[in-house]
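# Structural overview
What follows is each chain in one-letter form.
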Amino acid sequence: MIKLNKSLSSPSTAALVTAGAVLSAVMMVAAPAFAAGSSSKSEIQRTYEKERADCLAGKTGQSQATCLKEAGAARQEAMRGNLRTASTQELANNAMLRCQRVAEADREDCRMMVMGQGTRDGSVQSGGILTRIERLVQENPTAAGTPPAPPSAPMRPGPDVPPPRQPKASAPAR
């Protein structure tokens, strides 16, 4: 058996999966903080002030302007009662649905990553979290070491070209 590192087939696919995983993690952390089902206005305001302080301190991984805008929008929606906490099942279903956009050959690896399998390297602040799935693949013993056969092209005769003319030997002088 040969150990083979199987990774996603293109950088854009890897970026899509990584972005989805990061978004899921952010939603799982931020959604409960802004849930307004039973929150009072003072709880919503406290949550907003904490989020705003995190934005100003640079603890969020977003630009300060974006962070402040998101915190303000979340507070406004919480006041309206439009924010709710997604269930664990909803979050898992959404993550699995993102794998439908991945190439068929990589879909099983995507599902494994969503379920938490694989080795993770990097961070959001360093540019991304990369997840690697390693599998053992048995090679085909009948095809091992045999070079591919050259394509068989029919042999066509060349154009009818007469042989080059040879100078005539002159008769010896007597």
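Note: the structure precedes this text.
From a predicted model like this one, the values you see are computed outputs, not experimental measurements.

Helices and strands together make up the secondary structure of the protein, namely five helices and three strands. When the helices and strands of the protein are listed from N to C terminus, the series reads β-α-α-α-α-α-β-β. Taken over 174 residues, the protein has a buried fraction of 18%. Look at the contacts in the protein between residues 6 or more apart in sequence, and 51% of them connect residues 24 or more apart.

This next bit is on the environment of Ser40. As for its placement among the helices and strands, Ser40 is situated in the loop between helix H1 (11–34) and helix H2 (41–57). Assessed through its relative accessible area of 30%, Ser40 is described here as partly exposed. In this structure the side chain of Ser40 is engaged in a polar contact, spanning 3.0 Å, whose partner is the side chain of Ser42.

Turning to the pattern of salt bridges, a few remarks are in order. Between side chains of opposite charge, pairing is possible as soon as their charged atoms come close. By the definition in use, this model includes seven salt bridges. One salt bridge connects Arg80 with Glu77, and the closest N-O pair in it is separated by 2.7 Å. Here Arg80 pairs with Glu77, and both are found in helix H3 (residues 64–80), just three residues apart, close to one helical turn. With a relative accessible area of 24%, Glu77 lands in the partly exposed category. Close ionic contact of Glu90 with Arg84 constitutes a salt bridge, the shortest N to O distance being 3.2 Å. Look at Glu90 and you get partly exposed, because its relative accessible area is 30%. Under the relative-accessibility criterion, Arg84 is labelled exposed at 58%. Several salt bridges converge on common partners, so that one network encompasses Asp121, Arg132 and Glu134.

So, how was this worked out
- Residues numbered from 1 in each chain as written.
- Predicted model: local features only at pLDDT ≥ 70, side-chain atom pairs only at ≥ 80, totals over all residues.
- Heavy atoms only, no water.
- Helix = DSSP H or I, 4+ residues; strand = E, 2+ residues; numbered from the N terminus.
- Buried < 20%, exposed > 50% of the residue type's maximum accessible area, 1.4 Å probe, protein only.
- Contact = heavy atoms within 4.5 Å.
- Polar contact = N/O pair within 3.5 Å; in protein donor to acceptor, adjacent residues only side chain to side chain.
- Salt bridge = Lys/Arg side-chain N within 4 Å of Asp/Glu carboxyl O.

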